[in-house]
Amino acid sequence: MPRPAVREVARDAGAARRRPLVSGNWKMHHDHLQAIRSVQDLGLRLGAADVASLDVSVHPPFTDLRSVQTVLEDRGIPVALGAQHCFSEDAGAYTGEVAPPMLARLGVSYVLVGHSERRQFFGQTDEQVAATLRAVLRHAMTPIVCVGETQEEREEGETEERLTAQIIAALAGLPAEQVAGLVVAYEPIWAIGTGQTATAEDAQTACAHIRGVVAGLAGDDAAGALRIQYGGSVRPDNAAELVGQADVDGALVGGASLEAATFAAIIQAAATVAAGR
Ligand code: PGA
């Protein structure tokens, strides 16, 4: 397939329209009892002002989802339920997998698709990412499609090429209205769990590039509406600067989302920036 042209998308108007999303990816941490305590604590820390101009999601392990859903609903906590992964089929003989309609039934709103740890440790391919993304959309949930380059690719100057290839593989052929509603997470692999955060400038450059690739695939309107998170060692002290970039519409937070106090501080830092967009 010919590569679409990467275009510069009118950013300022778009940033004002896009509501940032701050997501906590708990990975393989917190059993359901710890998860209940963590979201209860988060609920006590978040005020209406914190979520007035941004969305928040938590992505616990599968075994915690039902418990977390109950706490969020019962207490009216303004946090959306997210999952970390699912399979691309709706049912069948796939031992160990979880189907998208099961997540939809639990009130899951966002599903991470193609996180680098799924790609690296579980062999998830670009084709599987594309199929899973479509399965999540079929069940009216929002995929958060993760893309990012390795340290080696960055050093070789291949960052943009890598991001272009991953975005095309995941999104090519999707109708523009669906693309507009997606979330992409730009997560440089060398920044995940390492304490080494991308500079705000590097995050902005990569996110603007991703938006340009999306514009080439689905048009400027869809690209201007799509939200792009930055992920990789986001903390309370760097969240505002990262989310303050024109093309960065929120954060995907791993380690720092496990403690409710730290995650709330990140949300609050992002909220001050989001309010001024
Ligand atoms: P980190 O993880 O914040 O611990 O770097 C981010 C992620 O993998 O989503």
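I will try to describe carefully the structure that is included in this document. (Residues numbered from 1 in each chain as written. Predicted model: local features only at pLDDT ≥ 70, side-chain atom pairs only at ≥ 80, totals over all residues. Heavy atoms only, no water.)

Considering a negative patch on the surface
On the surface, a cluster of negative charge is contributed by Glu 152, Glu 155, Glu 156, Glu 158 and Glu 161. Looking at the element boundaries, Glu 156 is found in the loop between helix 7 (151–155) and helix 8 (159–171). (Patch = residues over 30% accessible without salt bridge, like charges linked within 9 Å, V, L, I, M, F, W, Y side chains within 5 Å. Areas by Shrake-Rupley, 256 points an atom, 1.4 Å probe, with all protein chains shown as cover. Salt bridge = Lys/Arg side-chain N within 4 Å of Asp/Glu carboxyl O. Lys, Arg positive; Asp, Glu negative; His and termini not counted. Charge placed at Lys NZ, Arg CZ, Asp CG, Glu CD. Helix = DSSP H or I, 4+ residues; strand = E, 2+ residues; numbered from the N terminus.)

Brief notes about the site of the ligand
Every one of the 13 residues lining the ligand counts as a neighbour, but Lys 27, His 115, Glu 187, Gly 193 and Ser 233 are closest to it. Between the ligand and Asn 25 there is a distance of 3.5 Å, counted from an oxygen atom to a side-chain nitrogen or oxygen. The separation between an oxygen atom of the ligand and a polar side-chain atom of Lys 27 is 2.8 Å. When isolated, the ligand has an accessible area of 290 Å², and the protein chains bury 95% of it. Looking at the shell around the ligand residue by residue, the classes come out as four nonpolar, seven polar and two charged. (Near = heavy atom within 4 Å. Polar contact = N/O pair within 3.5 Å; in protein donor to acceptor, adjacent residues only side chain to side chain. Nonpolar A, V, L, I, M, F, W, Y, C, P; charged D, E, K, R; others polar.)

Some remarks on the sheet that holds strand 3 (residues 80–83)
One closed barrel accounts for eight strands, arranged 1-2-3-4-5-6-7-8; its pairing is parallel. Going from strand to strand, the sheet's axes swing by 25° on average, the running direction of each strand aside. For strand 5 (residues 142–147) and strand 6 (residues 183–186), the ladder comprises four bridges, and the chain directions are parallel. Residue pairing in the sheet places Ile 144 in a bridge with Val 183 of strand 6. (Pairing = 2+ DSSP bridges. Axes fitted to C-alpha atoms, helices over the stretch in contact; angles between N-to-C directions.)

Observations concerning the side chain of Asp 50
Tracing the backbone through its elements, the reader meets Asp 50 in the loop between helix 2 (32–45) and strand 2 (55–59). No salt bridge forms around the buried Asp 50; measuring N to O, its nearest opposite-charge neighbour Arg 45 is 10 Å away. Side-chain polar atoms of Asp 50 contact the backbone nitrogen of Gly 47, separated by 2.8 Å. Not counting residues up to four positions away in its chain, the partners in contact with Asp 50 are Arg 45, Ile 267, Gln 268 and Ala 271. (Buried < 20%, exposed > 50% of the residue type's maximum accessible area, 1.4 Å probe, protein only. Contact = heavy atoms within 4.5 Å.)

Description of the packing of helix 8 against helix 10 (residues 200–218)
Helix-helix packing is characterised by the crossing angle of the two axes and by the distance between the axes. Contact geometry for helix 8 and helix 10: axes closest at 10 Å, N-to-C directions at 40°. For the element pair helix 8 / helix 10, the angle class is oblique. Every pair of crossing elements has a handedness; the one defined by helix 8 and helix 10 is right-handed. Contact with helix 8, carried on its side by Glu 160, Leu 163, Thr 164, Ile 167, Ile 168 and Leu 171, involves Thr 205, Ala 206, His 209, Ile 210, Val 213, Val 214 and Leu 217 of helix 10 and no other residues of that element. Here the contact of helix 8 with helix 10 is composed, by residue class, of nine nonpolar, three polar and one charged. (Parallel < 35°, antiparallel > 145°, perpendicular 65-115°, else oblique. Left-handed = near helix turned anticlockwise from the far one by under 90°.)

A closer look at the state of the cysteines
Two cysteines joined by a covalent bond between their sulfur atoms form a disulfide. Evaluated as defined, the whole model comprises zero disulfides. Cys 207 carries a free sulfur, and the closest cysteine sulfur to it, the one in Cys 146, is 12 Å from it. Residue class for Cys 207 comes out buried when judged on its relative accessible area of 0%. (Disulfide = S-S within 2.5 Å.)

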